[in-house]
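Spelled out from the first residue to the last, the chains are:
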Amino acid sequence: MERGTEEGGRGAGAGTAPEADAAPRTEQQPPPTAGGRPDDDGRPADDDGRPTDDGRPADDDGRPTDGDRPAHDDRPAHDDRPTDDDPDRQTPPPRRPSRLVRRTVLALVLVLLLPLLAAEAALRVNYAGETADGTSTRGRDALWLGHAWVDGRKTDADVAALARRLRGTGVRDLYVHAGPLEHDGTLPPSAYRNAPWLVGAVHRALPGVRVQAWLGDVLATESPDGLRLERAATRAAVVASTRAVLAAGFDGVHFDLEPLHSGDRNYLGLLDDLRAVTRAHHAPLSVAAHQIDPLPGFHSVWGALTNHPKWWSQAYFGEVARRVDQIAVMSYDTMQPLPSLYGGYVAQQTSLALEVTPAGTDLLMGLPFFHENRFGHWAHAETVPAAVRGVRLGLSRTDRDRARFGVALYVDFAATEDDWAAYRDGWVRPS
């Protein structure tokens, strides 16, 4: 999810065997001509003892004749077939694929394409309909903030401007980038040296708003480098890092570890250990979550094809949600090419997440406050208006009265005025 987190740092945001030798063949030697004997090179000689050029008997002038070829030579008397050096030789046209091959290729294309088209059509239908009254902010929204807020580059004036921006919205939590974690799970205090100042300034300017330490790292799940959750020492170091940021004054901790594969039991064990720490500090434990399989088992198929599973199963999402106080779905980078398809996808993700998130856990859906064009994300398609409408549609259809629900805005340093206006007009005060 982290894309440089404003000023850099690791971000946390699938011949054949040779033929046997043929049996040797015996060469049939042409018989000597009458009155002649085989010459030293095996070619018959003419009556004068002179060998002919091609082994054929010669006439009285010593020239070979066509009619007296050896008996084993079954070539026609006059072979008019073109030779390799014949300038008039024509290359035969390439053979066209057989009808069976063409039909097989077409069938494979349809097998792959038709389900995709059907799924996209379903997303478009999912974007239709009316949103229910009351599907708006519950005052539990969140905003991801870049690293500049804790490394000394931000001032009181920046906090005042942020407060003006957030007053009257539903933002209650700020996820401030305080990492990244080292690959061994440790975190140097210098990474968040201005945290006490920030937490105090926000509390004064925005009473009731919580400042959480956003900790993340790249996992070594798809490459040799990264944090390894299978190592007990690494998990213990992550827990120790959590204690340190809470002691520095943060109100809670928000984890974003990627790419995290569905079913990872080491992650669940880490969450259990972290929950014990945060509860002892009366602090929320929050996580950023991968998207849920749009089709059952889709993460397994995608992972086999790309080595990047990307999605979680719905059951695994539920296991994670039961271990935390807050879970924010990274509902962007969806590969959808149109706003209507993206909005339908967000509506689907909202419903899938609502179905398995406990009532006591805050569920937040991510809004794309950034603008990039690359594989997996098209800025013209993944827009805040489309995402907000999708969130409201999913909430309307699945659990319109849910209280512990909100949206999470990613990310402050890439947001535009249009993004903020779409959030306010579509979610804070929808018409």
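Residues numbered from 1 in each chain as written. Predicted model: local features only at pLDDT ≥ 70, side-chain atom pairs only at ≥ 80, totals over all residues. Heavy atoms only, no water.

**Some details on the overall build of the protein chain**
Note the cut-off: Secondary structure elements are taken from DSSP: a helix is a run of H or I of four residues or more, a strand is a run of E of two residues or more, and numbering for both begins at the N terminus. Relative accessibility under 20% of the residue-type maximum defines a buried residue, over 50% an exposed one, and the middle range a partly exposed one, all with a 1.4 Å probe and only protein chains included. What sets the accessible areas is the Shrake-Rupley method with a 1.4 Å probe; for residues, cover comes only from the shown protein chains.
In terms of regular secondary structure, the protein chain is built from 10 helices and 10 strands. Taking all 431 residues of the protein chain together, 46% fall into the buried category. With an accessible surface of roughly 21900 Å², the protein chain has 53% of that area assigned to carbon and sulfur atoms.

**Section: the packing of helix α2 (residues 156-166) against helix α3 (residues 195-205)**
To keep things clear, this is the line we draw: All axes here are fitted lines through C-alpha atoms, helices being fitted over the stretch that makes contact, and every angle between N-to-C directions spans 0 to 180 degrees. Relative orientations are named as follows: roughly parallel for angles under 35 degrees, roughly antiparallel for angles over 145 degrees, roughly perpendicular for angles from 65 to 115 degrees, and oblique for any other angle. In this scheme the crossing of two helices becomes right-handed for a clockwise turn of the near helix relative to the far one and left-handed for an anticlockwise turn of less than a right angle. Any two residues whose heavy atoms approach within 4.5 Å are treated as being in contact. Residues are grouped as follows: Ala, Val, Leu, Ile, Met, Phe, Trp, Tyr, Cys and Pro are nonpolar; Asp, Glu, Lys and Arg are charged; every other residue, Gly included, is polar.
Two numbers describe how α2 lies on α3: the axes approach to 10 Å, and their chain directions differ by 40 degrees. Classified by the angle their axes make, α2 and α3 are oblique. You can see that α2 and α3 cross each other, and the crossing is right-handed. From α2, Asp156, Val159 and Ala163 reach across to α3, where they touch Trp197, Leu198, Ala201, Val202 and Ala205. Grouping the constituent residues of the contact of α2 with α3 by class yields seven nonpolar, no polar and one charged.

**Examining the sheet that holds strand β5 (residues 285-289)**
The pairing of strands in a sheet comes from backbone hydrogen bonds and takes either a parallel or an antiparallel form. So the rule is basically this: For two strands to be treated as a pair, DSSP must find at least two bridges joining them.
Pairing is parallel around the closed barrel formed by eight strands, whose spatial order is β1-β2-β3-β4-β5-β6-β7-β10. Recorded for the sheet is a direction-independent mean angle of 25 degrees between the axes of neighbouring strands. Looking at chain direction, strand β4 (residues 252-258) and β5 are connected through three bridges and run parallel. Residue pairing for β5: Phe255 is matched across the bridge by Val287. On top of the sheet, helix α5 (residues 265-280) reaches β4 and β5; it is set at about 150 degrees to β5, its chief contact. Along the sheet face, helix α9 (residues 384-398) touches β7 (362-368) and β10 (405-410) and points at about 155 degrees away from the line of β7.

**Quick look at the packing of helix α7 (residues 314-321) against helix α8 (residues 339-356)**
Helix packing for two helices is described by the angle between their axes and how far apart those axes are. Running from N to C, α7 and α8 cross one another at 55 degrees; their axes reach a closest spacing of 9 Å. Taken as axis vectors, α7 and α8 run oblique relative to one another. For the crossing formed where α7 meets α8, the hand is right-handed. Contact residues: Gln314, Phe317 and Gly318 in α7; Leu352, Ala353, Glu355 and Val356 in α8. Split by residue class, the contact of α7 with α8 holds four nonpolar, two polar and one charged.

**Considerations on the pairing of β7**
As a reminder of what qualifies: With its strands directed away from the observer, a crossover is right-handed exactly when the path from the first strand over the helix to the second travels clockwise.
The buried fraction of β7 amounts to seven of the seven residues, a majority that puts the element mostly inside the structure. The two faces of β7 match: Asp362, Leu364, Gly366 and Pro368 on one face and Leu363, Met365 and Leu367 on the other face are all buried. Both strand β6 (residues 326-329) and β7 contribute to a ladder of four bridges, which runs parallel. Bridging from a neighbouring strand, Gln326 pairs with Asp362 of β7. Read from β6 through α8 to β7, the crossover connection turns out right-handed. As paired strands, β7 and β10 are joined by six bridges and run parallel to one another. Bridge pairing in β10 links Leu364 to Gly406.

**Remarks on the nonpolar core**
The test is simple: Among buried residues, the Ala, Val, Leu, Ile, Met, Phe, Trp, Tyr and Cys ones that are joined through side-chain atoms within 4.5 Å form a nonpolar core.
Among the nonpolar cores identified, the biggest contains 96 residues, and Leu174, Phe250, Tyr267, Leu367 and Tyr423 are the most heavily contacted of them. In terms of residue count, α9 provides more of this core than any other element does, seven residues in total.

**Description of the packing of aromatic side chains**
Cut-off, in case you're wondering: Only rings of Phe, Tyr and Trp enter the pairing, Trp through its six-membered ring, and a pair is recorded when the two centres are within 6.5 Å. The plane angle decides the type: under 30 degrees is stacked, over 60 is edge-to-face, the rest tilted.
One pass over the full model with this rule turns up 12 aromatic pairs. For the ring pair Tyr192 and Phe250, a centre distance of 6.4 Å and an interplane angle of 65 degrees mean the geometry is edge-to-face. Of this pair, Tyr192 sits in the loop between β2 (171-177) and α3 while Phe250 sits in the loop between α4 (232-247) and β4, and the two are 58 residues apart along the sequence. Like Tyr192, the residue Phe250 is buried in the burial classification. Where Phe369 meets Trp420, the ring centres are 5.2 Å apart and the plane angle is 90 degrees; that geometry is what we call edge-to-face. On the criterion of sequence distance, the pair formed by Phe369 in the loop between β7 and β8 (373-374) and Trp420 in helix α10 (residues 417-428) is long-range, its members being 51 residues apart. Here Phe369 matches Trp420 in class, with each residue buried.

**Regarding a nonpolar patch on the surface**
Rules: Here the term patch refers to residues with relative accessible area over 30% and no salt bridge, with like charges joined within 9 Å and nonpolar side chains (Val, Leu, Ile, Met, Phe, Trp, Tyr) within 5 Å. Put simply, a salt bridge is a Lys or Arg side-chain nitrogen that is within 4 Å of an Asp or Glu carboxyl oxygen.
A cluster of nonpolar side chains, Leu113, Leu114, Leu116 and Leu117, forms an exposed patch at the surface whose accessible area comes to about 360 Å². Looking at the element boundaries, Leu117 is found in helix α1 (residues 99-126).

**Focus: the confidence of the model for the protein chain**
Rules: For every residue, the predictor reports its confidence as pLDDT, a number between 0 and 100.
Predicted confidence across the protein chain gives a mean pLDDT of 84, with 76% of residues reaching 70 or more. Note that pLDDT drops below 50 for residues 14-78; the model gives that stretch 62 contacts with residues more than four away or on any other chain.

**Focus: unusual backbone geometry**
Here the residue pair Gly179 and Pro180 is connected by a cis peptide bond, since its omega of 5 degrees sits within 30 degrees of zero. Cis peptide bonds are those with omega within 30 degrees of zero, and the linkage from Glu258 to Pro259 qualifies with -10 degrees. Along the chain, Pro259 turns up in the loop between β4 and α5. If you check the backbone angles, Lys310 has positive phi at about 70 degrees while not being a glycine. Residue class for Lys310 comes out buried when judged on its relative accessible area of 18%.

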